[in-house]
Amino acid sequence: MREAPARQGLVSAKAMHVGEDILLARHGDRITELRQNRKHDITIARLQGGATDWAANRLVDMTPRITDSPAARFGRLSDDFRSDKLGIKRDEARFLAKVGAVWGGVVVALSGGILWMAYHSGNTEMMQALMTNPGY
């Protein structure tokens, strides 16, 4: 967290976020620290006494952003994928899915081969002892 702009005493060259202005208007000198939450685009203030308050860095379009459920986001994401509006194209996603399937097949084949070799080259009594219940 960084010092609140009101307590810095210096004129900052960088512009303040709208949330900082709102919090300064609400609480003034009672703010001890300010921090930015970039994921939710809000400013969070720690007040004297340990309480916290937050304010949005945008004045419009707050309700859809906060009440957006994960299911609604996934629905929009799948619609955008179907209509090819995402940064990754459908052809690229299909190629990556094919590469993943081939890699999964290679891993299964190698694992099966290692187990087959261990079973046929190792002591069968020891392998059976390893595969049975150890007697817990």
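Everything numeric in this text was worked out from a predicted model, so none of it was measured.

J.: Just to check I follow, could you spell out the overall build of the protein for this structure?
T.: What the protein contains, in helices and strands, is 6 helices and 4 strands. Along the protein, from the amino end to the carboxyl end, the secondary structure elements read β-α-α-β-β-β-α-α-α-α. A buried classification covers 15% of the 136 residues belonging to the protein. Intrachain contacts of the protein at a sequence separation of at least 6 include 34% that bridge at least 24 residues. On the protein, roughly 10,700 Å² of surface is accessible, and the fraction owed to carbon and sulfur atoms is 61%.

J.: Before we go on, may I ask you to explain a nonpolar patch on the surface in this structure?
T.: Residues Val102, Trp103, Val106, Val107 and Leu110 make up a contiguous nonpolar surface patch of about 500 Å² in total accessible area. Counting through the fold element by element, Leu110 comes out in helix 5 (residues 90–121).

J.: Can you walk me through unusual backbone geometry in this structure?
T.: Excluding glycine, most residues fall at negative phi; most peptide bonds, likewise, are trans. The backbone of Asp41 shows a phi angle near 55 degrees, a positive value even though the residue is not glycine. Along the chain, Asp41 turns up in the loop between strand 2 (31–37) and strand 3 (42–47). The class for Asp41 is partly exposed, based on a relative accessible area of 22%. The backbone of Asp84 sits at a positive phi, close to 60 degrees, despite the residue not being glycine. Looking at the element boundaries, Asp84 is found in the loop between helix 4 (70–82) and helix 5.

J.: Explanation requested: helix 4 in the structure shown.
T.: Note on helix geometry: an α-helix contains 3.6 residues per turn, so any two residues three or four positions apart are oriented the same way. A rise of 1.5 Å per residue sets the reference length of helix 4, with its 13 residues, at 18 Å; its end C-alpha atoms lie 18 Å apart and thus fit the reference within 8%. After helix 4 finishes, the residue Asp84 shows a positive phi value of roughly 60 degrees.

J.: How should the nonpolar core be read in this particular structure?
T.: Side chains that are nonpolar tend, in soluble globular proteins, to be buried together. Ranked by size, the top nonpolar core spans 6 residues in total: Leu23, Ile31, Leu34, Ala45, Leu47 and Ala55. Contributions of two or more residues to this core are made by strand 2 and strand 3. Other than its neighbours up to four places away in sequence, Ala45 contacts Leu23, Ile31, Glu33, Leu34, Ala51, Thr52 and Asp53.

J.: Whenever I open this one, the environment of Gly28 confuses me. Can you help?
T.: With respect to the element layout, Gly28 can be found in the loop between helix 2 (18–27) and strand 2. The class for Gly28 is partly exposed, based on a relative accessible area of 25%. As for Gly28 and Leu47, which are separated by 19 residues in sequence, their C-alpha atoms are 9.6 Å apart.

J.: Hey, could you run me through the pattern of salt bridges in this one?
T.: When the charged atoms of two side chains lie near each other, side chains of opposite charge can form a pair. Following the criterion strictly, the structure yields 5 salt bridges and no others. Between Arg58 and Asp41 there is a salt bridge; the shortest N-O distance is 3.0 Å. One end of the pair, Arg58, is in the loop between strand 4 (52–56) and helix 3 (62–66); the other, Asp41, is in the loop between strand 2 and strand 3, with 17 residues separating them in the sequence.

J.: Any chance you could explain helix 5 here in plain terms?
T.: Between the first and last C-alpha of helix 5 there are 46 Å, a value that for 32 residues agrees with the 46 Å anticipated at 1.5 Å per step. Little of helix 5 is tucked away: 0 of the 32 residues are buried.

J.: Would you mind showing me how to read the environment of Val18 here?
T.: Looking at the element boundaries, Val18 is found in helix 2. Assessed through its relative accessible area of 31%, Val18 is described here as partly exposed. Once the C-alpha coordinates of Val18 and Thr43 are considered, the two residues, 25 residues apart in sequence, prove to be 8.4 Å apart. Residue contacts for Val18: discarding those within four places in its chain leaves Ala56, Asn57 and Leu59.

Thresholds, definitions, all that
- Residues numbered from 1 in each chain as written.
- Predicted model: local features only at pLDDT ≥ 70, side-chain atom pairs only at ≥ 80, totals over all residues.
- Heavy atoms only, no water.
- Helix = DSSP H or I, 4+ residues; strand = E, 2+ residues; numbered from the N terminus.
- Buried < 20%, exposed > 50% of the residue type's maximum accessible area, 1.4 Å probe, protein only.
- Contact = heavy atoms within 4.5 Å.
- Areas by Shrake-Rupley, 256 points an atom, 1.4 Å probe, with all protein chains shown as cover.
- Patch = residues over 30% accessible without salt bridge, like charges linked within 9 Å, V, L, I, M, F, W, Y side chains within 5 Å.
- Salt bridge = Lys/Arg side-chain N within 4 Å of Asp/Glu carboxyl O.
- Expected span 1.5 Å × (residues − 1).
- Core = buried A, V, L, I, M, F, W, Y, C linked by side-chain atoms within 4.5 Å.

Such coordinate-based values are descriptive only and should not be taken to indicate function.
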